[in-house]
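Coordinates in review
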Amino acid sequence: MAQTETAILAAGCFWCVEAVFDDLIGVQSVESGYIGGHVDNPTYRQVCDEDTGHAEAVRITFDPEQISYDELLDVFFHVHDPTTLNRQGGDVGEQYRSAIFYLNDAQKEAAEKAIAAAQMEWPDRIVTQVVPATTFWQAEDYHQEYFAHNPNQPYCAAVVGPKVRKFRQKYAGRLKH
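Report on the accompanying structure.

Cut-offs used in this document
One numbering rule holds for all chains: residues counted from 1, following each sequence as written. Thresholds applied to this predicted model are a pLDDT of at least 70 for local features of residues and 80 or more for the giving and counting of side-chain atom pairs; totals over whole chains, interfaces and linings are not thresholded and use all residues. Water and hydrogen atoms were dropped before computing side-chain values, which therefore reflect all heavy atoms in the structure. By salt bridge we mean one thing: a side-chain nitrogen of Lys or Arg within 4 Å of a carboxyl oxygen of Asp or Glu. Strands here are runs of E lasting at least two residues and helices are runs of H or I lasting at least four, both read from the DSSP assignment and numbered beginning at the N terminus. The definition of a polar contact used here is a pair of N or O atoms within 3.5 Å, where within protein one atom must be able to donate a hydrogen and the other to accept one, and adjacent residues in sequence count solely through side-chain atom pairs. Residues qualify for a patch when their relative accessible area is over 30% and they have no salt bridge, like charges being joined within 9 Å and the nonpolar side chains of Val, Leu, Ile, Met, Phe, Trp and Tyr within 5 Å. Values of accessible area rely on a 1.4 Å probe in the Shrake-Rupley scheme; residue burial ignores everything except the protein chains shown. As used throughout, the charge tally considers Lys and Arg to be positive and Asp and Glu to be negative, leaving His and the chain termini uncounted. A single reference atom marks each charge: NZ on Lys, CZ on Arg, CG on Asp, CD on Glu. Here, residues are in contact when the closest pair of their heavy atoms is within 4.5 Å. Paired strands, in this sense, are two strands between which DSSP finds at least two bridges. For each structure, a 1 Å grid was placed over the protein atoms alone; sets of points admitting a 1.4 Å probe that cannot get out are labelled cavities, open sets with protein on both sides within 12 Å along at least five of seven lines are labelled pockets, and lining residues have an atom within 4 Å of a point. Grid points are joined across faces, edges and corners, and a volume is the space filled by probe spheres set on the points. Charged means Asp, Glu, Lys or Arg here, nonpolar means Ala, Val, Leu, Ile, Met, Phe, Trp, Tyr, Cys or Pro, and polar covers whatever is left, Gly included.

All right, on to the pattern of salt bridges then. On inspection of all chains with the given rule, the structure shows 4 salt bridges. Between arginine 59 and glutamate 31 there is a salt bridge, with its nearest N and O atoms 2.8 Å apart. Here the residue arginine 59 occupies a position in strand E3 (residues 55–62), and glutamate 31 occupies one in strand E2 (residues 27–35), the gap between them amounting to 28 residues.

As for its position among the elements, threonine 52 is in the loop between helix H2 (44–48) and E3. Of note is the side chain of threonine 52, whose polar atom sits 2.8 Å from the side chain of histidine 54.

Bringing a negative patch on the surface into the picture now. Together, Asp70, Glu71, Asp74 and Glu121 make up a region of like negative charge exposed at the surface. Tracing the chain through its elements places glutamate 121 in the loop between helix H4 (105–119) and strand E7 (129–132).

Counting through the fold element by element, arginine 125 comes out in the loop between H4 and E7. It is 8.3 Å that separates the C-alpha atoms of arginine 125 and proline 82, two residues lying 43 residues apart in sequence. Excluding anything up to four places from it in sequence, arginine 125 contacts Pro82, Thr83 and Gln119.

Take the sheet that holds E2 next. Sheet architecture is open: 6 strands sit in the order E7-E6-E1-E3-E2-E8, paired in mixed fashion. The outermost strands of the open sheet, each flanked by one partner alone, are E7 and strand E8 (137–138). Where E2 and E8 come together, 2 bridges link them in antiparallel fashion. Paired with tyrosine 34 across the strands is tryptophan 137, a residue of E8.

Time to look at the layout of surface pockets. A probe matching the size of a water molecule, rolled over the atoms, marks out where space remains unfilled. For the largest pocket, the calculated volume is near 190 Å³. Along its surface, the largest pocket is lined by His78, Val79, His80, Asp81, Gln88, Trp122, Lys163, Lys166, Phe167, Lys170 and Tyr171. Top element by residues in the lining of the largest pocket is helix H6 (residues 154–170). It accounts for 4 residues. Quantified by volume, the second largest pocket comes out at close to 160 Å³. As for the second largest pocket, its lining consists of Asp70, Leu73, Asp74, Phe77, His78, Ala110, Lys113, Ala114, Ala117, Ala118, Glu121 and Trp122. Elements with a minimum of two residues in the lining of the second largest pocket: helix H3 (69–78) and H4. Of the residues contributing to the lining of the second largest pocket, the split by class is 7 nonpolar, 1 polar and 4 charged.

Put into structure tokens, the structure is as follows:
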């Protein structure tokens, strides 16, 4: 079995982010969860109430022989707006911040290079945080694969669906199906 690596990324609502990364060749699993806060085992309600300091994030397990960390970061910067502080569209709050939670020095260096490259494509300053990973707390079960199980839920139909369709068009050659 191939060796796997892990990436932890925050780019707004984890339902959106999980749905995008699930589709990529080389991605073995994507888990929605919380990271970067000061409360152990936070609940969705606590995170939404902005009582914990956590970001909604995804933990991606991937095969680096099929997709690189750099490629994941490229997707990351194309599927959200990294120039809005604590906000993605109508989702506002510190839990929706843009952040790369690195697990080692190589990931930190790759994140810094990816920001510099992405800045060339964005007219406003990128505000994505690059911070060391702390404990990743898996979100409640009902958040896992939320878009796949609830594509017609109003938020999914209005926000997640269009984002996923745009992603699938741009990255058509990199998709599992």
